[in-house]
Amino acid sequence: MESRFGIFLLKSISVLTLLGVLSGYSLLRADDAPYVDEAPYEDSEPIIKPELERRTINEADIDSEDFEAGVFVGVMSIEDFGSNVVYGARLAYHLTEDIFTEAAIGSTKADKRHFEDSSGDTENLSDSERELSYYNISLGYNILPGEAFIGKGRAYNSALYVIAGIGNTDFADDNHFTVNVGAGYRLLLNDWIALRVDFRDHIFDSDLQGNGKDNTTHNLEATGSISFFF
Amino acid sequence: MYLFLVTLMLLQCLATSTIAAEQHYKVMVDEAYLELHTGPGRGYPVFHVVDRGMEIEVIKRRTDWFMVRTEKGKEGWVKHADMELTLTPAGE
């Protein structure tokens, strides 16, 4: 009786052990084996390509040319003191395609006054007092941008601009607050060299008229210049 | 004297801008077409059109305009807003 029970126990243990081993093995197989259907698609391209995103340019890497610097020469008429050669320099910064700011310095010399010539009075301005120099800051607006055609096969970019600003004029040992207004024409020879013609009225109050009072004087200037964008 | 200094300054600026111009950014047109203007402004006429998929080199920038060069060597100006519709070679 006892031996029967012992045999039954042994059989049960061996069957259970076999079942355990088989189930463990099948689980291991399941872990190892990849999903068979997925394999062929691993290296193939997706059927629908994703929409490519648009992007902004990395603008810091691009050389920007918003500054324009140049030298000018021309004629300036100082009210009551005749006309003389004026020369100077300008530096502009183009804020947008329409608007630019500009700083300028210029220098010229005054002739004798009209009555000094005719009356024979002694001159009341020394040579150093006849030196006129000015500086100003202005705001310009490009109007009528377009092309200028020279000959049959050449077209140059050009623009008219209006400009106005404030500054200082040093004349006759005195500083005068000065307002300037004017207009000009810019012709671009290529993408970085420009030729400019500029007409400007420098307006300031002066007591040099001989009547002891401050009078508003208009000092007209016409200049031509070459400038470079950088 | 100051005229001399200004001239010197100008020459220096020109030299630096020439050096900087050596490295150009390349992008690809991703719109139906890209319009090239003769100058950096809306008043300057469109003289050339670049098709989708063509590569362009970005030479320089002035205000909101970019000067670009096409594969065929045409140079023109493109608006900032239009440049945003281009791709880098990486497709970004």
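Residues numbered from 1 in each chain as written. Chains lettered and ligands numbered in written order. Predicted model: local features only at pLDDT ≥ 70, side-chain atom pairs only at ≥ 80, totals over all residues. Heavy atoms only, no water.

*Asks:* When you look at the environment of L208 of chain A in this model, what are you seeing that I'm missing?
*Replies:* Residues and elements named next belong to chain A. By the element assignment, L208 lies in the loop between β8 (193-206) and β9 (215-229). Between the C-alpha atoms of L208 and D80, which are 128 residues apart in sequence, the distance is 9.0 Å. Among residues more than four places away in sequence, those in contact with L208 are F81, R113, F171 and A172. (Helix = DSSP H or I, 4+ residues; strand = E, 2+ residues; numbered from the N terminus. Contact = heavy atoms within 4.5 Å.)

*Asks:* Just checking my understanding: could you explain the sheet that holds strand β3 (residues 82-94) of chain A for this structure?
*Replies:* Residues and elements named next belong to chain A. The eight strands are arranged β2-β3-β4-β5-β6-β7-β8-β9 in a closed barrel whose pairing can be described as antiparallel. Neighbour-to-neighbour, the strand axes of this sheet turn through a mean angle of 25°, independent of strand direction. Here strand β5 (residues 131-150) pairs with strand β6 (residues 154-171) via 16 bridges, running antiparallel. Residue pairing in the sheet places Y134 in a bridge with T169 of β6. (Pairing = 2+ DSSP bridges. Axes fitted to C-alpha atoms, helices over the stretch in contact; angles between N-to-C directions.)

*Asks:* It is not clear to me how the nonpolar core should be interpreted in this structure. Could you clarify?
*Replies:* Across soluble globular proteins, nonpolar side chains have a tendency to be buried as a group. Judged by nonpolar contacts, the single largest core of 13 residues is most densely connected at I56, V58, V68 and M83 of chain B. Breaking this core down by element, the ones donating at least two residues are β1 (25-29), β2 (33-37), β4 (55-62) and β5 (65-70) of chain B. The leading source of residues in this core is β1 of chain B, at three residues. Counting residues in hydrophobic clusters, the runner-up holds twelve residues, among them M76, I78, F171 and A172 of chain A. (Core = buried A, V, L, I, M, F, W, Y, C linked by side-chain atoms within 4.5 Å. Buried < 20%, exposed > 50% of the residue type's maximum accessible area, 1.4 Å probe, protein only.)

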